[in-house]
Amino acid sequence: GSYIPFPRNALFTGRVKELEGLADSLLGKKPSATLISQAIIGMGGIGKTQLAVEFAYRYGYRFKGAHWLDLRNPLEIDEEIAKNGS
């Protein structure tokens, strides 16, 4: 299963190159990999979260699961992992 705490944005548009870049980076990995991660970096307010959410909804079916971890607070990492395990 997957855990994505955001609904898909019906108004999402554009960002085709960024979505394709993520797909190339993540889907080009060896199928035997058990964990694949990718960071999206940039200034606040430029749409990093919306890009990640759209990618998860568009390409999530290609993975065994898509899980959203909020790692801003290192003390809550175990809780985040547990929440995503359900």
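The coordinates are above.
Note that this is a predicted model, so its numbers are computed, not measured.

Draft legend 1. Structural context of a nonpolar patch on the surface. Among the surface-exposed residues, L69, L71, I77 and I81 lie close enough to one another that they form a single nonpolar patch of about 330 Å² accessible area. Under the relative-accessibility criterion, I81 is labelled partly exposed at 48%.

Draft legend 2. Structural detail: helix α2 (residues 48-59). For α2, built from 12 residues, the straight-helix expectation of 16 Å at 1.5 Å per residue is met to within 8% by its first-to-last C-alpha distance of 16 Å. L51, V53, E54, F55, A56 and Y59 are the residues of α2 that are buried.

Draft legend 3. Here's a closer look at the pattern of salt bridges. A complete count under the given rule lists 4 salt bridges for this structure. E54 serves as the salt-bridge partner of R8, at 2.7 Å between the closest nitrogen and oxygen. Pair noted here: R8 is in the segment before α1 (16-27) and E54 is in helix α2, with a separation of 46 residues, a long-range link. The salt bridge partner of R72 is D70, with a shortest N-O separation of 2.4 Å. Each member of the salt-bridge network shares a partner with another, and the members are R8, E54 and R58.

Draft legend 4. A look at the packing of α1 against α2. Remark: α1 packs on α2, axes separated minimally by 10 Å, with the N-to-C direction vectors making an angle of 60 degrees. The angle between α1 and α2 places the two elements in the oblique class. Handedness of the α1/α2 crossing: right-handed. Here E18, L19, L22, A23, L26 and L27 of α1 lie close against α2, whose contacting residues are L51, E54, F55, R58 and Y59.

Draft legend 5. The arrangement of the environment of T49 in detail. Mapped onto the elements, T49 comes out in helix α2. You can call T49 partly exposed: its relative accessible area is 38%. In this structure the C-alpha to C-alpha distance between T49 and F6, which are 43 residues apart in sequence, comes to 9.3 Å. In contact with T49, not counting residues within four places along its chain, are F6 and W68.

Reading the values: the criteria
- Residues numbered from 1 in each chain as written.
- Predicted model: local features only at pLDDT ≥ 70, side-chain atom pairs only at ≥ 80, totals over all residues.
- Heavy atoms only, no water.
- Patch = residues over 30% accessible without salt bridge, like charges linked within 9 Å, V, L, I, M, F, W, Y side chains within 5 Å.
- Areas by Shrake-Rupley, 256 points an atom, 1.4 Å probe, with all protein chains shown as cover.
- Salt bridge = Lys/Arg side-chain N within 4 Å of Asp/Glu carboxyl O.
- Buried < 20%, exposed > 50% of the residue type's maximum accessible area, 1.4 Å probe, protein only.
- Helix = DSSP H or I, 4+ residues; strand = E, 2+ residues; numbered from the N terminus.
- Expected span 1.5 Å × (residues − 1).
- Axes fitted to C-alpha atoms, helices over the stretch in contact; angles between N-to-C directions.
- Parallel < 35°, antiparallel > 145°, perpendicular 65-115°, else oblique.
- Left-handed = near helix turned anticlockwise from the far one by under 90°.
- Contact = heavy atoms within 4.5 Å.

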